[in-house]
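Listed below, chain by chain, are the residues.
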Amino acid sequence: TGCNWGYGKEDGPSVWHKNYPIALGKRQSPVDIIPDETVRDFSLGPIVPDYDRCTSVNISNNGHSVVVEFVDCDDRSVIRGGPLDNPYRLKQFHFHWGGKGHDGSEHTVGGVGYTSELHLVHWNAIKYRSFREASKSSDGLAVLGIFLETGDDHRWLHVITDALYMVKYKGSVTDFKDFNPRCLLPSSLHYWTYLGSLTTPPLYESVTWILLKEPITVSERQLAMFRMLQFNAEEEDERMRMENNFRPPQPLEGRTVLSSN
Ligand SMILES: CNS(=O)(=O)c1c(F)c(F)c(SCCO)c(F)c1F
Ligand SMILES: [Zn+2]
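These numbers come from a predicted model, not from an experiment.

1. Section: the confidence of the model for the protein
Mean pLDDT for the protein: 97, with 99% of residues reaching 70 or above. Both scores are available for the predicted complex, with the pTM at 0.98 and the ipTM at 0.91.

Printed below as a string of structure tokens:
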């Protein structure tokens with residue numbers, strides 16, 4: 001079950017359905033969010049990311065993105081509230097981005113993309129015994145999505161970009177301790193939420209999406225650092241710059257996107 005998918009012409013999003021037929025399913029992600037067509041739900045409370053006692057472990061290149069993993073053996077870092085019935089444990093976060101001068105977010109807003117999108121992946125450890133089991137269950141995962149736009153340097157993103165040279169190639173991993181992703185949140189936690197899926201194979205329809213309306217700002221220089229990563233392993237001959245690692249929006253199929261406020 002090696003990784004047989006990617007973001008290229010031969011193995012990209014347009015052919016994922018051949019090995020992962022759920023790609024043509026009814027609750028796929030990402031989607032285009034049309035603000036005027038979202039439904040205001042006054043029963044939706046605030047989303048509460050509680051990362052104060054979180055423990056980051058490492059940063060790695062999995063051949064698709066750069067991923068920061070967390071200790072998820074207890075409820076030390078969870079997200080709760082909003083559309084969620086239980087607290088969901090933080091497992092990892094990663095990014096999706098474009099090529100130089102091109103957008104690379106997965107969700108779009110009114111047909112417009114952002115330069116990049118950060119995903120904080122959480123799982124329902126109340127109902128399921130492992131991330132793997134949760135990832136296959138309709139209420140198993142909650143992904144907090146944060147849009148990135150370009151402007152000034154982000155004052156904390158350098159902690160991540162300074163480590164990227166250590167994980168240039170697929171399969172590389174290095175220690176990455178004491179990083180609290182609270183520093184990557186925008187000031188407003190107003191959000192959109194809808195039921196969707198992983199945006200990479202196996203594309204399981206197990207994600208409650210929570211997308212913050214307010215983007216964070218990063219500089220073009222910081223973003224360029226992500227593009228020095230490579231999809232390939234160090235020993236592989238073909239050098240492929242890691243960029244455009246995003247899936248385009250999928251049909252809403254009658255779903256409603258709810259708005260917190
Ligand atoms: C939401 N973004 S995503 O679908 O691209 C995505 C991802 F890239 C991941 F790596 C993981 S964790 C898989 C095992 O570690 C995950 F749950 C995801 F939802
Ligand atoms: Zn993602």
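2. Observations regarding the pattern of salt bridges
Going through the model one piece at a time under the given rule, you end up with 13 salt bridges. Residue D50 is joined to R80 by a salt bridge in which the shortest nitrogen-to-oxygen separation is 3.7 Å. Here R80 lies in strand β6 (residues 78-81) and D50 lies in strand β3 (residues 47-50), a separation of 30 residues in the sequence. For D50, a relative accessible area of 27% corresponds to the partly exposed category. Under the relative-accessibility criterion, R80 is labelled partly exposed at 36%. For E236, the salt bridge is made with K170, and the minimal N-O distance between the two is 4.0 Å. Here the residue E236 occupies a position in the loop between α4 (220-226) and β15 (258-259), and K170 occupies one in the loop between α3 (158-161) and β11 (173-175), the gap between them amounting to 66 residues.

3. Some points on the side chain of H122
Relative to the helices and strands, H122 is located in strand β9 (residues 116-123). H122 gets classed as buried once you look at its relative accessible area, which sits at 0%. One polar contact links H122 to Y51, side chain to side chain, over a distance of 2.7 Å. Excluding anything up to four places from it in sequence, H122 contacts Y51, I79, Y88, R89, L90, K91, G140, L141, A142 and L144.

4. Quick notes on the site of ligand 1
In the vicinity of ligand 1, the contacting residues are Q92, H94, H96, H119, V121, F131, L198, T199, T200 and W209. Contact distances for ligand 1 include 3.1 Å between a nitrogen atom and a side-chain N or O atom of H94. Burial of ligand 1 by the surrounding chains reaches 79%, relative to a free accessible area of 430 Å². Contributions of two or more residues to the shell around ligand 1 are made by β7 (88-97) and β9. For the shell around ligand 1, the leading source of residues is β7, giving three residues. For the shell around ligand 1, the class distribution of residues is four nonpolar, six polar and no charged.

5. Overview of the coordination of the zinc ion (ligand 2)
In this structure, H94 (NE2), H96 (NE2) and H119 (ND1) serve as the protein donors to the zinc ion (ligand 2), at separations of 2.0 to 2.1 Å. For the zinc ion (ligand 2), all donor residues lie on one chain, and their spacing in sequence is H-x1-H-x22-H. Taken together, the residues H96 in strand β7 and H119 in strand β9 connect sequence positions 23 residues apart.

6. Quick notes on unusual backbone geometry
A cis amide bond links S29 with the next residue in sequence, P30, at an omega value of -5 degrees. Phi at D178 is positive, roughly 60 degrees, even though this residue is not glycine. Relative to the helices and strands, D178 is located in the loop between β11 and β12 (191-196). With a relative accessible area of 76%, D178 lands in the exposed category.

7. Quick word on the nonpolar core
Core analysis: the largest hydrophobic core is formed by 46 residues, its most contacted members being I59, V66, F93, F95 and I160. Breaking this core down by element, the ones donating at least two residues are β5 (66-70), β7, β9, β10 (141-150), β13 (207-212), β14 (216-218) and α4. Counting residues per element, this core draws most heavily on β7, which supplies five residues. The contact partners of I160, leaving out residues within four places of it in the chain, are I59, F93, F95, F176, F179, L184 and F226. Judged by nonpolar contacts, the second largest core, of 18 residues, contains A134, L141, Y194 and L198.

Calculation notes
- For every chain, the first residue of the written sequence is number 1, and numbering continues from 1 along that sequence.
- To label them, take the chains in the order written and letter them from A, then take the ligands in the order written and number them from 1.
- In view of the model being predicted, local features appear only for residues whose pLDDT reaches at least 70, and side-chain atom pairs are presented and counted only at 80 or more, with totals across whole chains, interfaces and linings using the full set of residues.
- Side-chain measures here rest on the full set of heavy atoms in the structure, leaving out hydrogens and waters.
- As a per-residue measure, pLDDT tells how confident the predictor is, with possible values from 0 to 100.
- By convention in these notes, a salt bridge is any Lys or Arg side-chain nitrogen within 4 Å of a carboxyl oxygen on Asp or Glu.
- Secondary structure counts use DSSP, requiring at least four H or I residues in a row for a helix and at least two E residues in a row for a strand, with both numbered from the N terminus.
- Exposure classes here rest on a 1.4 Å probe applied to the protein chains alone. A residue is buried below 20% of its type maximum, exposed above 50%, and partly exposed in between.
- Polar contacts, as counted here, are pairs of nitrogen or oxygen atoms within 3.5 Å of one another; within protein the pair requires one atom able to donate a hydrogen and one able to accept it, and residues that are adjacent in sequence qualify only if both atoms are side-chain atoms.
- Residue contacts are counted whenever heavy atoms from the two residues lie within 4.5 Å of one another.
- We define proximity as follows: a residue is near a molecule or strand when any one of its heavy atoms falls within 4 Å of that partner.
- Here, Shrake-Rupley sampling with a 1.4 Å probe gives the accessible areas, and only protein chains in the shown set may cover a residue.
- Each residue gets one label: Ala, Val, Leu, Ile, Met, Phe, Trp, Tyr, Cys and Pro are nonpolar, Asp, Glu, Lys and Arg are charged, and the others, such as Gly, are polar.
- Note that water is not among the atoms used; donors are N, O and S atoms within 2.8 Å of the metal (3.2 Å for Na, K and Ca), so sites may look incomplete.
- Here the nonpolar core consists of buried residues drawn from Ala, Val, Leu, Ile, Met, Phe, Trp, Tyr and Cys, with membership extended through side-chain atoms lying within 4.5 Å.

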